[in-house]
Amino acid sequence: MTSVVTEADNIVDSGQAQKSFSDKEIVTEHMTPMDEELDQVSKSAVKSARDMNAELIILITRSGKVARAVARHRPTVPVLAFCTDVQVARRLQLHRSLTPVLLQSSLDPTCQHTRMGLLRAEAIRTAKELGFARAGDRVVTVDRTVGKESDMHQFSHNMKVSTLRDT
């Protein structure tokens, strides 16, 4: 089975596969505008990680939607998907290149008052503890922030590129 997957990946990566539909037609046909935004941010995160030789992509996801969107773009680096629900973590184990990690934090990513910077810092600290990253590594983080009452948006999809330092 591994040889079949490897051969299929090589065919797709080399561009030998015939496309009867464009990627945009296949992916965005049934997407909401918010899903299209997430898809483009995910595509940018995977491309940035590849182009900048990042060591890791870190995701913070509640439902697994962010992680599935990133996995759809076939990342070439490890992806840690931090989630708050055990069921979501189990489902994410089935996706290519995703390593789900249960987020051990009292902060709720869906709450307006939660600062995503704190969750990102906790995720990076955990990634360092698990041995996925170390000082000097580039890391791409992706998350979705709930807008505050004073904001003009309901949700914001965020991508950040960071170079880690010693703490």
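Source: prediction; values computed, not measured. (Residues numbered from 1 in each chain as written. Predicted model: local features only at pLDDT ≥ 70, side-chain atom pairs only at ≥ 80, totals over all residues. Heavy atoms only, no water.)

1. Remarks on the environment of R91
Line of reasoning, step 1. Here R91 shows up in helix α5 (residues 86-92).
Line of reasoning, step 2. For the pair R91 and G64, spaced 27 residues apart in the sequence, the C-alpha separation amounts to 8.2 Å. (Helix = DSSP H or I, 4+ residues; strand = E, 2+ residues; numbered from the N terminus.)

2. Some details on the confidence of the model for the protein chain
Line of reasoning, step 1. When the pLDDT values of the protein chain are averaged, the result is 81; 75% of them are 70 or greater.
Line of reasoning, step 2. Below pLDDT 50 for its whole length, residues 17-22 participates in two contacts with residues either more than four positions away or in separate chains. (pLDDT = per-residue confidence, 0-100. Contact = heavy atoms within 4.5 Å.)

3. Considerations on the pattern of salt bridges
Line of reasoning, step 1. According to the stated counting rule, one finds six salt bridges in the structure shown.
Line of reasoning, step 2. The partner of R72 in a salt bridge is D39, with the nearest N and O atoms 2.8 Å apart. Taken together, the residues R72 in helix α4 (residues 65-72) and D39 in helix α3 (residues 33-51) connect sequence positions 33 residues apart.
Line of reasoning, step 3. According to the relative accessible area criterion, R72 is partly exposed, its value standing at 41%. (Salt bridge = Lys/Arg side-chain N within 4 Å of Asp/Glu carboxyl O. Buried < 20%, exposed > 50% of the residue type's maximum accessible area, 1.4 Å probe, protein only.)

4. Focus: a nonpolar patch on the surface
Line of reasoning, step 1. On the surface, M52, M159 and V161 cluster together into a nonpolar patch covering about 200 Å² of accessible area.
Line of reasoning, step 2. Along the chain, the position of V161 falls in strand β5 (residues 155-163).
Line of reasoning, step 3. What makes V161 partly exposed here is its relative accessible area of 35%. (Patch = residues over 30% accessible without salt bridge, like charges linked within 9 Å, V, L, I, M, F, W, Y side chains within 5 Å. Areas by Shrake-Rupley, 256 points an atom, 1.4 Å probe, with all protein chains shown as cover.)

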